[in-house]
Amino acid sequence: MNYDALIFDVDGTLWDAREPVTVGWNLAVERWTGRPNVLTAEGLGRHFGKTMPDIVRAVLPEIPEEEIRAFSDLCFELENAYVMEHPGRLYPGVRETLPELAKRYPLYIVSNCQKGYIECLVYGAHLEGLFSGWLCWGETGKPKWATLRQLMEEHDLRHPVYVGDTQGDADACREAGIDMIAVSYGLGKAERPAAEVDRFEELLELL
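Residues numbered from 1 in each chain as written. Predicted model: local features only at pLDDT ≥ 70, side-chain atom pairs only at ≥ 80, totals over all residues. Heavy atoms only, no water.

### A few points about the packing of helix α4 (residues 68-85) against helix α6 (residues 117-124)
In the contact formed by α4 and α6, the axes pass within 9 Å of each other and the chain directions differ by 10 degrees. The orientation of α4 relative to α6 falls into the category roughly parallel. Across from Glu79, Asn80, Val83 and Met84 in α4, the residues of α6 making contact are Tyr117, Glu119, Cys120, Tyr123 and Gly124. Broken down by class, the residue content of the contact of α4 with α6 amounts to five nonpolar, two polar and two charged. (Axes fitted to C-alpha atoms, helices over the stretch in contact; angles between N-to-C directions. Helix = DSSP H or I, 4+ residues; strand = E, 2+ residues; numbered from the N terminus. Parallel < 35°, antiparallel > 145°, perpendicular 65-115°, else oblique. Contact = heavy atoms within 4.5 Å. Nonpolar A, V, L, I, M, F, W, Y, C, P; charged D, E, K, R; others polar.)

In structure tokens form, the structure reads like this:
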């Protein structure tokens, strides 16, 4: 496969951070409503990949629409702070495989997360120096396909491939006009990707 860069999703692809993310969200919910431990990792994790306001609407429908932005900002702050100190769990093979992939391709990240969350992954999981850049919904305010296109334009990428785990990732890749490699171990299932791997290290054989 003749690609000029690899772009990665975060949750469900590089790491599983459902537990620490849920702690951060519950801290925000308790501060906002006074109710502790409202959310579970399983329940919240089903909505990973959506933007923060859409996740709030899905899991906390009692929060009025006019308060979602302010609540989301509180979530950004508390979630990022907690996850930076309590990073998610990298999937098997990620730590060993990324340096090998970085010898072959420039590596990037695009996610629907808030600003600062990708830094939690890179610095909290000690992956410094492996990525040439990243971009997220919190920086662009755009859907993932448009964020992908913006990253491609900023870094002059002509034919990258995206590595993700959900149908939302597949839809974004289709809109952005790029291929997707799906990981089968993630939080979702993508239909008709260009390729699929069961283990992260299989990317070395595929690419």
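### With respect to unusual backbone geometry
Positive phi, normally seen in glycine, also occurs at Asn37, with a value near 50 degrees. As for its position among the elements, Asn37 is in the loop between α1 (18-33) and α2 (41-45). In this structure Asn37 comes out as exposed when scored by relative accessible area, which is 64%. A positive phi angle is found at Asp156, which is not glycine, with a value near 55 degrees. (Buried < 20%, exposed > 50% of the residue type's maximum accessible area, 1.4 Å probe, protein only.)

### Brief notes about α1
In a regular helix each residue adds 1.5 Å, so 16 residues correspond to 22 Å; α1 covers 22 Å between its end C-alpha atoms and thus fits that length. For α1, the elements touching its buried residues are α2, α3 (52-59), α4 and α6. Following α1 by one or two positions, Gly34 adopts a phi angle in the positive range, close to 85 degrees. (Expected span 1.5 Å × (residues − 1).)

### So, the pattern of salt bridges
Between side chains of opposite charge, a pair can form as their charged atoms come close. The final tally for this structure, using the stated rule, is 15 salt bridges. Note that Asp171 and Arg174 form a salt bridge whose closest N and O atoms lie 3.1 Å from each other. On the criterion of helical spacing, the pair formed by Asp171 and Arg174 is a turn pair, its members being three residues apart in helix α9 (residues 167-176). The residue Arg199 makes a salt bridge to Glu202 at a minimum N-O spacing of 3.4 Å. On the basis of relative accessible area, Arg199 is assigned to the partly exposed category, the value being 39%. Note on Glu202: relative accessible area 16%, which makes it buried. The network of salt bridges with shared partners includes Asp9, Lys144 and Asp169. (Salt bridge = Lys/Arg side-chain N within 4 Å of Asp/Glu carboxyl O.)

### Points about the sheet that holds strand β1 (residues 5-8)
Sheet strands associate in pairs through backbone hydrogen bonding, adopting either a parallel or an antiparallel arrangement. Here six strands make up an open sheet; going across it, the order is β5-β4-β1-β6-β7-β8 and the pairing parallel. The open sheet has two edge strands with one neighbour each: β5 (133-136) and β8 (195-197). Mean inter-strand twist for the sheet, computed between neighbouring axes without regard to direction, equals 25 degrees. As defined by bridge partners, β1 adjoins strand β6 (residues 160-164) across four bridges and the pair is classed as parallel. Paired with Leu6 across the strands is Val161, a residue of β6. Across the sheet, α9 touches β6 and β7 (179-183), and the angle it forms with β7 is around 170 degrees. (Pairing = 2+ DSSP bridges.)

### Some thoughts on the nonpolar core
Residues Phe8, Trp15, Trp25, Leu98 and Phe131 are the most contacted members of the largest nonpolar core, which totals 56 residues. For this core, the leading source of residues is α4, giving seven residues. In this structure, Ala170, Ala172, Ala176 and Ala190 belong to the second largest nonpolar core, which totals 18 residues. (Core = buried A, V, L, I, M, F, W, Y, C linked by side-chain atoms within 4.5 Å.)

### Some words on the environment of Ser184
With respect to the helices and strands, the residue Ser184 is situated in the loop between β7 and β8. What makes Ser184 partly exposed here is its relative accessible area of 32%. Here the alpha-carbon distance between Ser184 and Glu196, two residues 12 residues apart in the chain, equals 6.7 Å. Apart from the residues within four sequence positions on either side, Ser184 is in contact with Glu196, Val197 and Asp198.

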